[in-house]
Each structure stands twice: as C-alpha cells, then as structure tokens.
Amino acid sequence: MKSEDTPFEGGPMDGRVLPVLLGITGHPPKTYRIPVPAPDGGAPTVLVYRRVPRGRGSRTGLTRGWKYLYDPTGRAGDGRRWPWSKPAPDPDATPQGKPDDANG
C-alpha cells in the first residue's frame, strides 16, 4: 500500500505530519478520524479532520497535494450525496413553506 506524508492543521494535531494511506485513486481519505482514549476509561473522544487542497499549481491549476484541517464540530460525516437526495436541513434556516400572512 502506498502512503503520503500529510500535514495536519488546527486542533491538537496542529503542525504534525503523519503518513496516510492512499486509496485506489491516489488520494487520502476525505475525513480522517483519530480516536483519543479518555483518561478515566470512558468513551473515547474522536478528533475529525477534513481533507482540503494544500495549494494549486501556478501553470496548470492542479492540486499540489492535500492537507487536513481540524473540524471542531466533529460531525460523523456527510456520507454519500446522491443527486436525488434532499439537501441536509440547516438548523439555523427558516422553514420552507408559505410566507407569513401580514393581514392575519
């Protein structure tokens, strides 16, 4: 299996470079989860990092590599997004429906 040294930014892993296994396409996974055991023996805390492009080439515009940014929300992951799927609801968005009737 092939691996690539990938930098981590933000969170507890800030500034570290770890070898990450590459997939069939030659890219590291979109999310990288690091379980951290609890000191009292309870449930482990999971640190979530998201893959972002490290930079773009000046002539070709292609990605030069990847890095991981810390995701403090720690969502379990977006999963697969199918074209026929409804978009995920935004908790701060107003409900979609009829506008309020001003005349009561």
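Residues numbered from 1 in each chain as written. Predicted model: local features only at pLDDT ≥ 70, side-chain atom pairs only at ≥ 80, totals over all residues. Heavy atoms only, no water.

Asks: How should the packing of aromatic side chains be read in this particular structure?
Replies: Here a ring pair, both rings aromatic, is described through the centre-centre distance and the interplanar angle of the planes. The full count for this structure, using the stated rule, is five aromatic pairs. When the centroid spacing of 5.2 Å and the interplanar angle of 20° are considered together, the rings of F8 and Y68 count as stacked. Of this pair, F8 sits in strand β1 (residues 3-9) while Y68 sits in strand β5 (residues 63-70); the two residues are 60 residues apart in sequence, bridging distant segments of the chain. The same class applies to F8 and to Y68, which are both buried. Joined through ring pairs, the aromatic side chains of F8, Y32, Y49, Y68 and Y70 make up one cluster. Sitting over the face of the ring of W66, R51 holds its NZ or CZ atom 4.2 Å from the ring centroid. (Phe/Tyr/Trp six-rings, centres within 6.5 Å; stacked < 30°, edge-to-face > 60°. Helix = DSSP H or I, 4+ residues; strand = E, 2+ residues; numbered from the N terminus. Buried < 20%, exposed > 50% of the residue type's maximum accessible area, 1.4 Å probe, protein only. Lys NZ or Arg CZ within 6 Å of the ring centre and 35° of its normal.)

Asks: Looking at this structure, I do not really get the environment of P35. What am I missing?
Replies: Among the structural elements, P35 can be located in strand β3 (residues 31-36). Note on P35: relative accessible area 56%, which makes it exposed. Separated by twelve residues in sequence, P35 and L47 have C-alpha atoms that sit 6.3 Å apart. In contact with P35, other than residues within four places in its own chain, are T45 and V46. (Contact = heavy atoms within 4.5 Å.)

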